[in-house]
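Observations on chain architecture
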Amino acid sequence: MNPINSIAEIRSLFPVLNEQVNGKQLVYLDNAATTQKPISVIDALQSYYLHDNANIHRSAHTLASRATEQFESTRELLQTFINAKESAECIFTKGVTESINLVAASYGKLVLKAGDEVLLTEMEHHSNLVPWQRICAETGAVLKFIPIQTDGSIDLEAALAIINPKVKIVSVVWVSNALGTINPIATIIEAAHAIGAKVMIDAAQAASHFKIDVQALDCDFMAISSHKLYGPTGLGVLYGKRELLEAMPPYQSGGEMIKEVFLTHSTYNELPYKFEAGTPNIAAVIAFKMALQFVTDIGHETIAVHEKSLYDAFLLGIQQSSFNKIKLIGTNPHKIAVQSFEVVGMHHFDVGMLLDASGIAVRTGHHCTQPLMRKFGIEGTVRASFAIYNTAQEIDYFLAALQKICDRIK
Ligand code: 7TS
């Protein structure tokens, strides 16, 4: 397959990429915040509401069984996508944030006691930090952090030294959203298991870039977000090993998660429904199947090769001497196609506004990683993040726009 033709073909599946922004062609480089959605996903959302709208799992009528069948078939594909042992280990949530909150509130509360330790890294997104702060405050457990180095990688030696028998839960981000760094999670999982701790992986930024195999990784929990994987917003996944999910109390209570309800007490449904209280985002789940199919059809390998070529072109461009006002944040080469940077002498928000005037969408700010920003002694960065539909021409245009911005600074 000719890669140039195929990228053009892929772009044609994303209607939003034809948008004009401030009179310019949109160049969307904010994929770490959320990816755009292929037409198959948009069509599936519409088709559900046009033809199949009904609540799931609870009715004899035809629309309800059509909706239920489609809903559950996403779970089946998801099982294959992450290589879970069974589809019941895949729980639908609102997103990575809810998946982590679920584990912290349910598993955390079940196992943590005063003096136990929960181990994170210094580069966690707030959604893999604040829930653990809260459960530690409640249980008397102590938060510990794997330190990071100046290039934005974790200090693996320090990590292995800090993993001790008091650690009961390790929860780490696979790929940093602010830096792009890929963490050595297989080594961390092995070391954590050796002392009997359970491991949660925040795969928010990893799932669209790497093939996931939860059984090979042997992680205990993994959180995935649909909207960063070309799927709808308001939907995520919690993968958990059956024996752990079975032992955990429900996170939320109400309809769907029960087996039998009496006035004074209730018994709970089987997996995965025990953790899916209330009417879920049915349309999003159904459409998410198309996103998983989209990524599977292209293949993670093709995605990785293309994104790396874009990233390499960007890095090569930015290393020219004319870009001496640009300071890269997160320079470890073991990373995905995400780059944070500062334009020395200009606030990151102003850089973002100037790029937007050229039709270029990037994220600016602290990226929900305030402790990480503090570690670098900055308030925020400009972050460019590339996806399968971005092109070499867009990188050239981006570099030219950045050059003009740098030229404004005396
Ligand atoms: N973890 C990481 C590593 C993330 O990048 C994000 C979202 C989350 C958790 C939260 O995921 P959600 O499914 O609940 O949305 N990150 C970003 C970002 O980098 N810019 O906007 C959102």
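Look up a bit, the structure's there.
These notes cover the structure that comes with them. (Residues numbered from 1 in each chain as written. Predicted model: local features only at pLDDT ≥ 70, side-chain atom pairs only at ≥ 80, totals over all residues. Heavy atoms only, no water.)

**Quick look at the sheet that holds strand S10 (residues 236–240)**
Spatial ordering of the open sheet is given by S4-S10-S9-S8-S7-S5-S6, a layout of seven strands whose pairing is mixed. Each end of this open sheet is capped by a strand with a single partner; those strands are strand S4 (90–93) and strand S6 (142–146). Each strand axis lies, on average, 20 degrees off the axis of its neighbour in the sheet, ignoring direction. Pairing geometry for strand S8 (residues 198–202) and strand S9 (residues 221–225), over three bridges, is parallel. Looking across to S9, one finds that Met 200 is bridged to Phe 221. (Pairing = 2+ DSSP bridges. Helix = DSSP H or I, 4+ residues; strand = E, 2+ residues; numbered from the N terminus. Axes fitted to C-alpha atoms, helices over the stretch in contact; angles between N-to-C directions.)

**A few points about the sheet that holds strand S16 (residues 363–365)**
Strand order across the open sheet formed by four strands is S13-S14-S17-S16, with antiparallel pairing between neighbours. Sheet topology places strand S13 (326–329) and S16 at the edges, where each strand pairs with a single neighbour. Averaged over all neighbouring strand pairs, the angle between strand axes comes to 30 degrees, with direction disregarded. Alignment of S13 against strand S14 (residues 338–343), held across four bridges, turns out to be antiparallel. Counted as the bridge partner of Ile 329 is Ser 340 from S14.

**Here we look at the site of the ligand**
The ligand sits among 17 residues. The nearest are Thr 97, Asp 202, Gln 205, Arg 363 and Arg 383. With respect to the ligand, the side chain of His 227 contributes an N or O atom lying 2.9 Å from an oxygen atom. Taking 500 Å² as the accessible area of the ligand by itself, protein coverage stands at 88%. (Near = heavy atom within 4 Å. Polar contact = N/O pair within 3.5 Å; in protein donor to acceptor, adjacent residues only side chain to side chain. Areas by Shrake-Rupley, 256 points an atom, 1.4 Å probe, with all protein chains shown as cover.)

**Quick notes on the packing of aromatic side chains**
Counted according to the given criterion, the structure contains twelve aromatic pairs. Aromatic pair Phe 14 and Phe 294: ring centres 5.3 Å apart, planes at 75 degrees, arrangement edge-to-face. Remark: Phe 294 occurs in helix H10 (residues 282–298) and Phe 14 occurs in the loop between helix H1 (3–11) and strand S1 (20–21); sequence separation between them is 280 residues. Relative to Phe 341, the ring of Phe 314 lies with its centre 6.3 Å away and its plane at 40 degrees, an arrangement referred to as tilted. Of this pair, Phe 314 sits in helix H11 (residues 300–318) while Phe 341 sits in strand S14, and the two are 27 residues apart along the sequence. What links up through ring pairs into an aromatic cluster is the set Phe 14, Tyr 230, Phe 294 and Tyr 389. (Phe/Tyr/Trp six-rings, centres within 6.5 Å; stacked < 30°, edge-to-face > 60°.)

**Digging into a nonpolar patch on the surface**
Together, Leu 13, Ile 39 and Ile 42 line one region of the surface with nonpolar side chains, adding up to about 200 Å² of accessible area. Along the chain, Leu 13 turns up in the loop between H1 and S1. The class of Leu 13 is partly exposed, set by a relative accessible area of 34%. (Patch = residues over 30% accessible without salt bridge, like charges linked within 9 Å, V, L, I, M, F, W, Y side chains within 5 Å. Salt bridge = Lys/Arg side-chain N within 4 Å of Asp/Glu carboxyl O. Buried < 20%, exposed > 50% of the residue type's maximum accessible area, 1.4 Å probe, protein only.)

**Examining the side chain of Ser 106**
Mapped onto the secondary structure, Ser 106 falls in helix H4 (residues 96–111). Non-local contacts of Ser 106, meaning those with residues more than four positions away in its chain, are made with Met 248, Pro 249 and Phe 275. (Contact = heavy atoms within 4.5 Å.)

**Concerning the packing of helix H2 (residues 39–52) against helix H3 (residues 62–82)**
Relative to each other, H2 and H3 sit at 160 degrees, their axes nearing to 10 Å. Compared by their axis directions, H2 and H3 come out roughly antiparallel. Here H2 and H3 pass one another in a crossing that is right-handed. Mapping the contact onto sequence places Tyr 48, His 51 and Asp 52 in H2 and Leu 63, Arg 66, Ala 67 and Gln 70 in H3. (Parallel < 35°, antiparallel > 145°, perpendicular 65-115°, else oblique. Left-handed = near helix turned anticlockwise from the far one by under 90°.)

**Brief notes about the pattern of salt bridges**
In a structure, side chains of opposite charge can pair up when their charged atoms sit close to one another. Enumeration over the complete set of coordinates arrives at 16 salt bridges. Between Arg 75 and Glu 72 there is a salt bridge, with the nearest N and O atoms lying 2.8 Å from each other. Taken as a pair, Arg 75 and Glu 72 lie in helix H3 at a separation of three residues, close to a single helical turn. Judged by its relative accessible area of 0%, Arg 75 falls in the buried class. Judged by its relative accessible area of 15%, Glu 72 is buried. The network of salt bridges with shared partners includes Glu 72, Arg 75 and Glu 276.

**Here we look at unusual backbone geometry**
Trans is the common state for peptide bonds, and a negative phi is the common state for residues other than glycine. In this chain, Leu 271 is followed by Pro 272 through a cis amide linkage whose omega measures 0 degrees. In this fold, Pro 272 is placed in the loop between strand S12 (266–268) and H10. A positive phi is found at Asn 83, a non-glycine position, where the angle reads about 55 degrees. Mapped onto the secondary structure, Asn 83 falls in the loop between H3 and S4. You can call Asn 83 partly exposed: its relative accessible area is 30%.

**Topic: the pairing of S14**
Along any regular strand, the residues point their side chains to alternate faces of the sheet. Burial runs high along S14: five of the six residues are buried. The pairing of S14 with strand S17 (residues 381–385) spans four bridges and is classified as antiparallel. Of the residues in S17, the one forming a bridge with Gln 339 is Ala 384.

**What about H10?**
Across its 17 residues, H10 extends 25 Å between first and last C-alpha, which sits within 8% of the 24 Å expected from 1.5 Å per residue. Judged by how many residues are buried, H10 sits mostly within the fold: twelve of 17 residues are covered. Every buried residue of H10 is listed here: Ile 282, Ala 283, Ala 284, Val 285, Ile 286, Ala 287, Phe 288, Ala 291, Leu 292, Phe 294, Val 295 and Ile 298. At the C-terminal side of H10, Gly 299 shows a positive phi close to 95 degrees. (Expected span 1.5 Å × (residues − 1).)

**Overview of H4**
For an α-helix the count is 3.6 residues per turn, leaving residues at separations of three or four pointing the same way. Here H4 spans 21 Å end to end across 16 residues, near enough to the 22 Å set by a 1.5 Å rise per residue. Among all positions in H4, only Val 96, Glu 98, Ser 99, Ile 100, Leu 102, Val 103, Ala 104, Ser 106, Tyr 107 and Gly 108 are buried.

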